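# Architecture and fold: a report
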Amino acid sequence: MRTMSSHELRDLVRDIATEAATLARTRREEGVSIAASKSSPEDVVTAADREVEAFIRGRISELRPADGFFGEESGAEKGSSGLTWVVDPIDGTVNYLYGIPNYAVSIAVVEGEPDPATWTALAGAIVNPAAGETYEVGRNEGATLNGVTLFREAHVEVPLALLSTGFSYSAERRMWQTGIMQQMMGRVRDYRRMGAASLDIVSVPAGRADAYYEVGTKPWDHAAGVLIAREAGIRVEGLHGSPAGAEMVLAALPGLFEPIHDLLVEFGAEG
Ligand code: IPD
Ligand code: CA
Ligand code: CA
């Protein structure tokens, strides 16, 4: 197989994500129901989640047969090329179920073991078909929203910062998370809870929030969003210099990162 340039790879990720998002939207228009529950009764999967992932997986094996795959609904398969596609076929499934136009297909291509602590993300795309919005990114090539370059240099003080976060499907974890939010709430402008981690992360480079954090996200929730945010000048890490991952993804304007980090630690986000 001919080696692909990074630009070609980026275009391919965007094209597959766009086709998959069109399929998700079509299925949404036809009507959606729950196919099964996963980690808790609230953590649902629809037939469309599975169909969209199968579609993406099929396109990858057709076009990039040597690449690995790591998807939410159908698991992982090692490849021989050193590249792995990390896929959330529908991020924001509860929004999808309720017809809230804030869900997305999120795809990243990473190099190395499919572990967010060590991989290098090369390209990604997040497509929200209901909003007609496509985020795309290539490593060291910048990030765009509908073709317009994303880059944020604003300085926002903590009391005027708009925060975004998400919650676990476990009721017990949610109570702990809202306890932290309750304390943070007195220090910042306000919160938004939009219900799709990939779109929440990119809400920071898009200027729709000033910082996002969440505990408990999976690699497919944040793989593409983290690269988009970083390429757009946003600082993204976990706590105490650890890599962004399941323990914490904190994406903030550079001047806000440390104060928000320190408040999260003060209010017990390490637990
Ligand atoms: C979930 C959403 C939600 C976030 C959860 C994710 P799903 O993904 O992104 O906003 O708070 O952590 O699991 O189940 O809709 O793909
Ligand atoms: Ca998800
Ligand atoms: Ca999902």
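Everything below is about the structure shown above.
Residues numbered from 1 in each chain as written. Chains lettered and ligands numbered in written order. Predicted model: local features only at pLDDT ≥ 70, side-chain atom pairs only at ≥ 80, totals over all residues. Heavy atoms only, no water.

Moving on, we get to the environment of Glu73. Locating Glu73 in the fold gives a position in the loop between strand 3 (68-71) and strand 4 (75-77). Separated by 28 residues in sequence, Glu73 and Val45 have C-alpha atoms that sit 8.4 Å apart. Contacts of Glu73, omitting those with residues within four sequence positions, involve Lys38, Val45, Asp49, Glu53 and Pro89. (Helix = DSSP H or I, 4+ residues; strand = E, 2+ residues; numbered from the N terminus. Contact = heavy atoms within 4.5 Å.)

A separate point is the coordination of the calcium ion (ligand 3). Within the protein, Glu72 (OE), Asp88 (OD) and Ile90 (O) serve as the donor atoms for the calcium ion (ligand 3), at 2.2 to 2.3 Å. Between consecutive donors of the calcium ion (ligand 3), the numbers of intervening residues give the motif E-x15-D-x1-I. A separation of 3.7 Å is found between the calcium ion (ligand 3) and the calcium ion (ligand 2), both of which receive a donor from Asp88. A residue pair is termed long-range when its members are at least 10 positions apart, and Glu72 in the loop between strand 3 and strand 4 and Asp88 in strand 5 (residues 83-91) qualify at 16 residues. In this structure Glu72 comes out as partly exposed when scored by relative accessible area, which is 24%. (Donors = N, O, S within 2.8 Å, 3.2 Å for Na, K, Ca; no water. Buried < 20%, exposed > 50% of the residue type's maximum accessible area, 1.4 Å probe, protein only.)

Our focus in this paragraph is the site of ligand 1. Residues in close proximity to ligand 1 total 15 residues, the closest being Asp91, Gly92, Tyr169, Ala197 and Glu214. Within the contact set of ligand 1, an oxygen atom lies 3.5 Å away from a side-chain nitrogen or oxygen of Glu72. For ligand 1, whose accessible area on its own is 380 Å², the fraction buried by protein is 93%. In this structure, ligand 1 is accommodated by the largest pocket. It is strand 5 that contributes the most residues to the shell around ligand 1, three residues altogether. (Near = heavy atom within 4 Å. Polar contact = N/O pair within 3.5 Å; in protein donor to acceptor, adjacent residues only side chain to side chain. Areas by Shrake-Rupley, 256 points an atom, 1.4 Å probe, with all protein chains shown as cover. 1 Å grid on protein atoms, 1.4 Å probe; cavity = no way out; pocket = protein on both sides within 12 Å on 5 of 7 lines; lining within 4 Å. Sits in = over half its atoms within 2 Å of the grid points.)

Moving on, we get to the coordination of the calcium ion (ligand 2). The calcium ion (ligand 2) binds to the protein through Asp88 (OD), Asp91 (OD) and Asp221 (OD); the donor distances cover 2.1 to 2.3 Å. Written as a sequence motif, the donor residues of the calcium ion (ligand 2) are D-x2-D-x129-D. Taking relative accessible area as the criterion, Asp91 reaches 7% and is therefore assigned buried. When its relative accessible area of 13% is taken as the criterion, Asp221 is described as buried.

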